Amino acid sequence: MVFVGYSVWAALQTSHYAWGPYISPIFSPCLATSCGSHTDLALFGRWWVVSPALIVAGFPVGFRLTCYYYRRAYYRSLWLSPPACAVREPHHRYRGESRFPLILQNVHRYFFYFGILVAVMLSIDAVRGFDFPGGWGIGLGSLILVVNAVLFWCYALGCHSCRHLIGGRLRHFSRHPIRYRAWKIATVLNARHMAFAWASLPCVVGTDLYIRLVSMGVFHDPRLL
Ligand code: FES
């Protein structure tokens, strides 16, 4: 809840989300001109006066919110359906995800496609994080952006929808050796999906916080090269 609360607060801010070559993952891709040199596509002009994170936040939020792992966590702790094994169901009837509103969770497979776009964008931001005004270099923030992108890729590629997309509906893996190899990688990541879900969320928060504090001048970004 702490990470979610911080993310919501950060997404509503209109300043200190970028510094030098770094941009917070919560604000990327930036589609508003208010992002200045960090604008990726100026779809939203000067009339967009609220936080540019609000334009894109729905995609990563939807991706995580409908993720099977996070679902399990908030079904048990907040929705209380099912609360746990052998614990009485507080609702009249357990209907699983067969009725509204939980049936809407099926959109997860579509959010997965957006999740891949988010991962691509984070990778581009990670590369840009080495492009300082005076030339290419390495700052602590550059490495943090790389770790953030790698963790998000591991999280996204371990998604159940991804694994099904790669290896589902195949009768013979032997006739699809490339898909089989990709499926094996997705399977390894899938087995650690919970760990990557937990690691990537605080990493997004930590990356935003780091860039925010550097931008506010609380401390300097150490240059390693
Ligand atoms: Fe977790 Fe798809 S199941 S991201």
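Predicted model, so just to flag it, every value in this text is computed and none were measured.

**Focus on the packing of aromatic side chains**
Here is step 1 of the chain: On inspection of all chains with the given rule, the structure shows 21 aromatic pairs.
Here is step 2 of the chain: Between Tyr17 and Phe27, the aromatic rings sit 4.2 Å apart at their centres with planes inclined by 10 degrees, giving stacked as the arrangement. Residue Tyr17 is found in the loop between α1 (2-11) and β1 (18-19), and its partner Phe27 is found in the loop between β2 (22-23) and β3 (30-32); the two are separated by ten residues along the sequence. With respect to burial, Tyr17 and Phe27 carry one shared label: buried.
Here is step 3 of the chain: For the ring pair Phe173 and Tyr180, a centre distance of 4.9 Å and an interplane angle of 50 degrees mean the geometry is tilted.
Here is step 4 of the chain: Taking relative accessible area as the criterion, Phe173 reaches 26% and is therefore assigned partly exposed.
Here is step 5 of the chain: Through pairs of rings, three or more aromatic residues link up here, namely Phe63, Tyr69, Tyr70, Tyr110, Phe112, Tyr113, Phe152 and Tyr155.
Here is step 6 of the chain: One Lys or Arg, Arg71, reaches over the ring of Tyr68 and ends 4.3 Å from the middle of that ring.
Here is step 7 of the chain: Between Arg223 and the ring centre of Phe132, over which it is positioned, the NZ or CZ distance is 4.0 Å.

**Regarding the side chain of Ser7**
Here is step 1 of the chain: Here Ser7 lies in helix α1.
Here is step 2 of the chain: Not counting the four nearest positions on each side in its chain, Ser7 is found in contact with Ile26 and Val205.

**A word on the packing of helix α7 (residues 160-167) against helix α8 (residues 177-191)**
Here is step 1 of the chain: Close contact between α7 and α8 brings their axes to 9 Å; oriented N to C, the two are set at 165 degrees. In terms of axis orientation, α7 runs roughly antiparallel to α8. When you trace α7 past α8, the crossing you get is left-handed. Contacts between α7 and α8 pair His160, Arg163, Leu165, Ile166 and Gly167 from the former with Arg179, Ala182, Trp183, Ala186, Thr187 and Asn190 from the latter.
Here is step 2 of the chain: Of the residues contributing to the contact of α7 with α8, the split by class is five nonpolar, four polar and two charged.

**Some details on the side chain of Ser200**
Here is step 1 of the chain: As for its position among the elements, Ser200 is in helix α9 (residues 193-215).
Here is step 2 of the chain: For Ser200, the residues in contact, after removing those within four places along its chain, are Arg64, Asn148, Leu151, Phe152 and Tyr155.

**Remarks on the pattern of salt bridges**
Where charged atoms of side chains with opposite charge meet at close range, the side chains can pair.
Here is step 1 of the chain: Within the structure shown, the criterion is met by four salt bridges.
Here is step 2 of the chain: Note that Arg128 and Asp40 form a salt bridge whose closest N and O atoms lie 2.7 Å from each other. Taken together, the positions of Arg128 in helix α5 (residues 108-128) and Asp40 in strand β4 (residues 39-44) put the pair 88 residues apart, joining distant regions of the chain.
Here is step 3 of the chain: On the basis of relative accessibility, which here comes to 38%, the residue Arg128 falls in the partly exposed class.
Here is step 4 of the chain: One salt bridge connects Asp208 with Arg212, and the closest N-O pair in it is separated by 3.0 Å. Taken together, the residues span about one helical turn, with Asp208 and Arg212 both in helix α9 at a distance of four residues.
Here is step 5 of the chain: Assessed through its relative accessible area of 4%, Arg212 is described here as buried.
Here is step 6 of the chain: Each of Asp40, Asp125 and Arg128 takes part in salt bridges that share partners, so that together they form one network.

Definitions and cut-offs
Residues numbered from 1 in each chain as written. Predicted model: local features only at pLDDT ≥ 70, side-chain atom pairs only at ≥ 80, totals over all residues. Heavy atoms only, no water. Phe/Tyr/Trp six-rings, centres within 6.5 Å; stacked < 30°, edge-to-face > 60°. Helix = DSSP H or I, 4+ residues; strand = E, 2+ residues; numbered from the N terminus. Buried < 20%, exposed > 50% of the residue type's maximum accessible area, 1.4 Å probe, protein only. Lys NZ or Arg CZ within 6 Å of the ring centre and 35° of its normal. Contact = heavy atoms within 4.5 Å. Axes fitted to C-alpha atoms, helices over the stretch in contact; angles between N-to-C directions. Parallel < 35°, antiparallel > 145°, perpendicular 65-115°, else oblique. Left-handed = near helix turned anticlockwise from the far one by under 90°. Nonpolar A, V, L, I, M, F, W, Y, C, P; charged D, E, K, R; others polar. Salt bridge = Lys/Arg side-chain N within 4 Å of Asp/Glu carboxyl O.

All quantities given are derived from atomic positions and should not be read as evidence of function.
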